[in-house]
Each structure stands twice: as C-alpha cells, then as structure tokens.
Amino acid sequence: MEVNCSWVREDMVLRGQEFVMPQSFFHRFTGNQTELITNLIFPGRDKVLTLSTKLALLILLYCNTATDVALVGGGNNPQPGEISLAHNGVLFLDELPEFKRTVLEVMRQPLEDRVVTISRAKFSVEYPASFMLVASMNPCPCGYFNHPEKECVCAPGVVQKYLNRISGPLLDRIDLHVEVTPVPFSELSNQQLAESSNNIRERVINARLIQTKRFNSDSGIYCNAQMRSSDIKTYCKLSEAGNTLLKTAMEKLGLSARAYDRILKVGRTIADLEASENIMPNHIAEAIQYRSLDRDGWAA
Ligand SMILES: [Zn+2]
C-alpha cells in the first residue's frame, strides 16, 4: 500500500495494530517533516493552529471526547468546526470507534458535499469543508484480531460490537479501507524489493500534475477525490474487461452504488500513479481491494 498516495487526497481508514500510530503514518505522509508533525500528535490547540498554517492547514483532532459542534461547527452563534478548519488539509481521527457514534454521523453530509450548512431559525450559514479524512482504528478492543501470531482474547460478539460503533453509511463515504497487518522482521530487513519513498513521491507528484491538468477548465475541483458523479462518468470510463470485473465484484461483495463511485475514483488515481491514460482492469482490481471493510458485515 502506497501510503504516500494519501497526497492524492482520497479519504481513508486504516485498521491495524500498534504500528498504525499517527507518528509512523505522518512520517510516511510528510517525509522529512516528521518533527513538526510529531508536535501535532499531542493535544494543544494553539500549537495545532499555528503549525497548521505552515503545513497547508494540516489539522489533527486527537481528542475522542469531541462533541458534534466541535467537529462540524454550530452553536448559538455559529462557529466553524474542525472539519472547516481542516478545509484543503487533513483531518486525522485517531481511534475512530472511540468517538461517539452520533458525533461521527454528523460528518456524513460534509464528506459527501464538501461543505457544511448550519441552519438556525432566522438564517443559515455555510462553511467550506473539503478536507481529507484519515482515520485509524484497532482491529478489535484487544488489538489482535486477525493477527498472524498472537491470539485475540475478545469475548464472542465483542469484535462486532466494536466495529458497529462505526456505521456502514459513514464507511461507505470513505474511499480507502486499508487493513494493515504486521510485517515480519525478515521482510522489514529486506529493503531490496521495496520501491523507495523518493520514487513513490515522484509518482505522487506526477499524479497530482495529471489531475491538475485534467481539471484545468473546472474551477470547482482540482483532484480526483473531489469528482462529482457527472465527472466520474466523464473521466472514469472502463474497458469491457474492467466493467465486467467491477460488475462481478459488486454482485459478489454486495457493494453499494456509493462504493461503485468510490472504486472508479480510486481506480482513476491508481492509473494516474502509473501515468496510465486508461483505467485498466488491474487498477480496478486494486481499487476493489480497498473496500475491505465493506465485507465484514458492518453495522447498518
Ligand atoms: Zn481482540
């Protein structure tokens, strides 16, 4: 998984053990800016806001006791929430299932529309909210579900209850679901086969250039993640083989219409990362893999 493709702006949820710590993620995410980012890991609003301006409005919300007003905005005298402060930047939610479900649910509309509307009796205000959502979670409360060597000690039903804290409709709106499994030491120490971060970075920069050119004439969007349904129809055409593959996956995995659009968008991005003009069947196959959490029988 090219975590660096996060720069291409797709929303994502990372599910895995302890190494999915924000520090390690942001290390990948920003390369040599780790030190700055590590400062962001610790709660301290002033620090976050000051640094955010330097880092293209990178905003981190670490506190899972956040209220829905803090997250999406509101109040008697409406104020923007974290999602608007993270406009054109990143909103990182660590330990996603620890947030109150009602708090997370209010993000559904802004994730779709990229704006948030706060209505009051006599007026309504609209704040921009085009942010990239990155969320992390454990596989289960004990942390070892699906672990290759250690055993999960959660009681029956506990894993499902934990997953149910995040609704299917919310998950549906997240482009990439990434199951992060532990890497054996032998693979960690074998650097030969891995593509270097610098190479991946080059490809990501190139993909962003391709996207900038693609949407040059459209003032509303500048990357694949922001495509509307009509744009998806224009820019995400598949070959017959790609169509058949996607149709089969939709039926087999019971994916929603929203997941269908997400797969096409992510497929377009994967093709851009390979500088491929057309979306090939292997790009679609990879995009389908990133819907892994749709298959776990998520809560309705
Ligand atoms: Zn467990």
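How each quantity is defined
Residues numbered from 1 in each chain as written. Predicted model: local features only at pLDDT ≥ 70, side-chain atom pairs only at ≥ 80, totals over all residues. Helix = DSSP H or I, 4+ residues; strand = E, 2+ residues; numbered from the N terminus. Buried ≥ 20, exposed ≤ 12 C-beta atoms within 10 Å, placed from the backbone. Contact = placed C-beta atoms within 7 Å. pLDDT = per-residue confidence, 0-100.

Focus: the overall build of the chain
Scanning the chain from N- to C-terminus turns up 15 helices and 9 strands. Expressed as a percentage of its 300 residues, the buried residues of the chain come to 32%. Contacts in the chain between residues at least 24 apart in sequence constitute 69% of all its contacts with a sequence separation of at least 6.

Considering the environment of tyrosine 235
Mapped onto the elements, tyrosine 235 comes out in helix α12 (residues 229–235). As for tyrosine 235 and arginine 214, which are separated by 21 residues in sequence, their C-alpha atoms are 8.6 Å apart. Those residues in contact with tyrosine 235, other than ones at most four positions away along the chain, are Arg214, Met227 and Arg268.

A short note on unusual backbone geometry
In this structure, arginine 114 is a non-glycine residue whose phi angle is positive, near 65 degrees. Tracing the backbone shows arginine 114 in the loop between α7 (108–113) and β6 (115–119). On the basis of neighbour counts, which here come to 18 C-beta atoms within 10 Å, the residue arginine 114 falls in the partly exposed class. We note that alanine 275 has phi near 55 degrees; this positive angle belongs to a residue other than glycine. Within the fold, alanine 275 resides in the loop between α14 (257–273) and α15 (281–289).

Points about the confidence of the model for the chain
Per-residue confidence for the chain gives a mean pLDDT of 78, with 75% of residues at or over 70. Predicted confidence is poor over residues 1–7, with pLDDT under 50, and the contacts of this stretch with residues over four places away or in other chains come to 18 contacts. Every residue in residues 19–24 is under pLDDT 50, and counting partners more than four places away or in other chains gives 10 contacts.

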